[in-house]
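Architecture and fold: a report
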Amino acid sequence: MKNKALIVITLLALLPFLGQTQSNTFSPYSRYGIGELRQPTFSHNTGMGGAHIALKPDSTMPIFINVGNPASYALIKLTTLEVGGSFLYSNFKGSNSTSLKKWGTNFSYGAIGFPIRNNGGACFGVAPYSSVGYETKNIKQEESIGQVEYNYKGDGGLNKAFIGYGIMPFIKRMGKFRSNYYYTPDSLKVLSHKQYMRRQGINKLLSDFSIGFNVNYIFGTIVNTTRVLYPNVNTTIYDNTYRERILNTKTFTGNFGAQTGISVDSVKDHKGRAHRIESALQTFKALGVFTTEELKVKKDSIEASTQLVKRALKQRVKITFGYFMNLNNSLNVDYTTGVYNYILNGFGQEILRDTVFYTPDKKGSIKMPLEQGFGIGLKKGEKLSVVADFAITNWQNFKYLDETNDLRKSYRIAVGMNFVPEKYAAGRDAFFKRLNYRLGASYKSGSIYLNNSYISDYSVSAGIGIPVGIGRLSSMVNISGQYGFMGSNDPTLIKQNYWRVNFGFTFCDRWFQKYKYD
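Basis of the calculations
Residues numbered from 1 in each chain as written. Predicted model: local features only at pLDDT ≥ 70, side-chain atom pairs only at ≥ 80, totals over all residues. Heavy atoms only, no water. Helix = DSSP H or I, 4+ residues; strand = E, 2+ residues; numbered from the N terminus. Buried < 20%, exposed > 50% of the residue type's maximum accessible area, 1.4 Å probe, protein only. Contact = heavy atoms within 4.5 Å. Areas by Shrake-Rupley, 256 points an atom, 1.4 Å probe, with all protein chains shown as cover. Pairing = 2+ DSSP bridges. Axes fitted to C-alpha atoms, helices over the stretch in contact; angles between N-to-C directions. Parallel < 35°, antiparallel > 145°, perpendicular 65-115°, else oblique. Nonpolar A, V, L, I, M, F, W, Y, C, P; charged D, E, K, R; others polar. Salt bridge = Lys/Arg side-chain N within 4 Å of Asp/Glu carboxyl O. pLDDT = per-residue confidence, 0-100. Patch = residues over 30% accessible without salt bridge, like charges linked within 9 Å, V, L, I, M, F, W, Y side chains within 5 Å. Phe/Tyr/Trp six-rings, centres within 6.5 Å; stacked < 30°, edge-to-face > 60°. Lys NZ or Arg CZ within 6 Å of the ring centre and 35° of its normal.

**Here's the deal with the overall build of the chain**
- Summing up its helical and strand segments, the chain has 7 helices and 20 strands in all.
- When the 518 residues of the chain are sorted by exposure, 44% land in the buried category.
- A separation threshold of at least 6 residues defines the contact pool for the chain, and within that pool the share at least 24 residues apart is 70%.
- For the chain, the accessible area works out to roughly 28,000 Å², and carbon and sulfur atoms hold 57% of it.

**Digging into the pairing of strand S3 (residues 99–116)**
- Pairing of strand S2 (residues 79–93) with S3, which is carried by 14 bridges, proceeds in the antiparallel orientation. Within S3, the position partnered with Lys-93 by the bridge is Ser-99.
- Hairpin connection of S2 to S3: 5 residues between the antiparallel strands, including Ser-97 at a positive phi of 65°.
- Bridging between S3 and strand S4 (residues 120–142) involves 7 bridges; their strand directions are antiparallel. Bridge pairing in S4 places Ile-116 opposite Gly-120.
- Joining the antiparallel neighbours S3 and S4 is a turn of 3 residues, in which Arg-117 adopts a positive phi near 55°.

**With respect to unusual backbone geometry**
- Here Arg-117, not a glycine, exhibits a phi torsion of approximately 55°, which is positive.
- With respect to the element layout, Arg-117 can be found in the loop between S3 and S4.
- Arg-117 gets classed as exposed once you look at its relative accessible area, which sits at 79%.
- Although it is not a glycine, Asp-361 sits at a positive phi angle of roughly 55°.
- Inspection of the secondary structure assignment puts Asp-361 in strand S10 (residues 350–367).

**Quick notes on the packing of helix H3 (residues 173–182) against helix H4 (residues 193–207)**
- Two elements in contact, H3 and H4, have axes separated by 7 Å at closest approach and are oriented at 150°. In terms of orientation, H3 and H4 fall into the roughly antiparallel class. Between H3 and H4, the contacting residues are Arg-173, Met-174, Phe-177, Arg-178, Tyr-181 and Tyr-182 on the first element and Tyr-196, Arg-199, Gln-200, Asn-203, Lys-204, Leu-206 and Ser-207 on the second.
- For the contact of H3 with H4, the residue count by class is 6 nonpolar, 3 polar and 4 charged.

**Quick word on the environment of Gly-125**
- By the secondary structure assignment, Gly-125 is in strand S4.
- What makes Gly-125 buried here is its relative accessible area of 4%.
- Separated by 14 residues in sequence, Gly-125 and Ala-111 have C-alpha atoms that sit 3.9 Å apart.

**Topic: the pattern of salt bridges**
- For the coordinates displayed, the defined rule picks out 9 salt bridges.
- The partner of Glu-422 in a salt bridge is Lys-433, and the shortest N-O contact between them spans 4.0 Å. Taken together, the residues span a long stretch of sequence, with Glu-422 in the loop between strand S14 (410–419) and helix H7 (430–433) and Lys-433 in helix H7 at a distance of 11 residues.
- When its relative accessible area of 38% is taken as the criterion, Glu-422 is described as partly exposed.
- Overall, Lys-433 belongs to the partly exposed group, its relative accessible area being 36%.
- Salt bridges linked by common partners bring Lys-56, Asp-208 and Lys-318 together as one network.

**Section: the confidence of the model for the chain**
- Confidence in the prediction of the chain, expressed as mean pLDDT, is 85, and 90% of residues score 70 or more.
- The low-confidence segment residues 16–21 (pLDDT under 50) makes 10 contacts with residues lying over four places distant or belonging to another chain.

**Some thoughts on a nonpolar patch on the surface**
- On the surface, Ile-163, Phe-213, Val-215 and Phe-252 cluster together into a nonpolar patch covering about 400 Å² of accessible area.
- In this fold, Phe-213 is placed in strand S6 (residues 210–229).
- You can call Phe-213 partly exposed: its relative accessible area is 41%.

**Some thoughts on the packing of aromatic side chains**
- According to the stated counting rule, one finds 18 aromatic pairs in the structure shown.
- Ring plane angle 25° and centroid distance 5.7 Å describe the contact between Tyr-217 and Phe-219, whose orientation is recorded as stacked.
- A residue is classified by how much of its surface remains accessible, and Tyr-217, at 27% relative accessible area, is partly exposed.
- Looking at Phe-219, the relative accessible area reads 17%, which means it is buried.
- An angle of 45° between the planes, with centres 6.3 Å apart, marks the rings of Phe-398 and Tyr-400 as tilted.
- The buried category is assigned to Phe-398, whose relative accessible area is 4%.
- Connected via pairs of aromatic rings, a cluster forms that spans Tyr-217, Phe-219 and Phe-252.
- Here the basic side chain of Arg-31 rests over the ring of Tyr-152, its NZ or CZ set 4.0 Å away from the ring centre.

What follows is the structure, given as structure tokens:
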């Protein structure tokens, strides 16, 4: 227990340093808004295209944390530690066939989840929230001046420290319903079969219903600079201009979600009924004493007397549903703005001439957009899981300080699957049977609208989960690769092709729980 507590204390001590702003993007489009927003998913989700809204964690090891929908915390049954990072390689292509290649590695997340009683769970951790990392240049022919060069640069980003809680408030609802019905004498039962099935379905959904929330602490710094360089021949007439804005924020925000599901243990056996009818009909045909018309009558009689029964499924199917909402919170910010005139000496060094204006420590706010999403999932036994997401973000309501907003409503669609041949396999070949294979794809319509076209993002992903540790059940290494394209069909705009490799570690154990017996 001392070693486990030491791990938690160490992680808590490292979280502020792990969350320091890093070069998580090189996209020129991170210039807009507060930068490129990071998806709230861990490495096991990224291999599934980032789909997470209806994704429920397993109740048996290894348990993973789904921070994208805090309602899933209610299913955390063991203390779970997750950490991860990523590698990004980007290739940018401009309108003049030039290209630029950039790459970098960064910390992605760190989180701890743990159960609370038998119907709830909590989680806390840190992860990047948005990333800014661009450097672009534009040259314009200005009348009576010549070619003027405009340089734009941005660095930094925002981070998120969060704590959340999820609960299943009606977890005993189904058990009580069955108990009340099964132990009622037949003479007192008033529900018809249809009424019973309808109420059973409602109670199944309520019994599996969970709701949760996250409280997020958003912090970080964004630096935006603009330089205007005039032609050398005119440096005696015009001074170059340098504009800088340094923005800091430390604000609390929130989001919440809900999940539910229903299990299907059996289905109507239409195929079995047809087989029984055909078998009985073949028996009459074999006698050779019935005419064709008499066999038709026999068939009608057999169909009328053969009931449609249910067939038990070899693997139980569970259909899940999810919903989440990121509130349109406002980020309170402090920012400093300065505009300076300067010249370049013979060595290319900037020599300050004068300060046009300087306003330190101004107060302002950034109004974030409302985001809502819906998801559906299907899980077949312990082998196959398929999930799909659809989300809408109202970026047209976004407001950055006093600047005019030209962003548009954006849509996100993601679909993914996870397949494990035999989760509880034992023996010589057990390792390969316990491997998790993941595939996914996603599409983001984009909120940036330039030259009558959206800056969209398409990506496909694949991943693998490798069980590690004693028994290979308690821990897992998750690795995924993602290939994507960001840009539009407009040939004048920059296009980005990128590779992102995500890697993470999941560890589950029984911590902080008292044993009834020594």
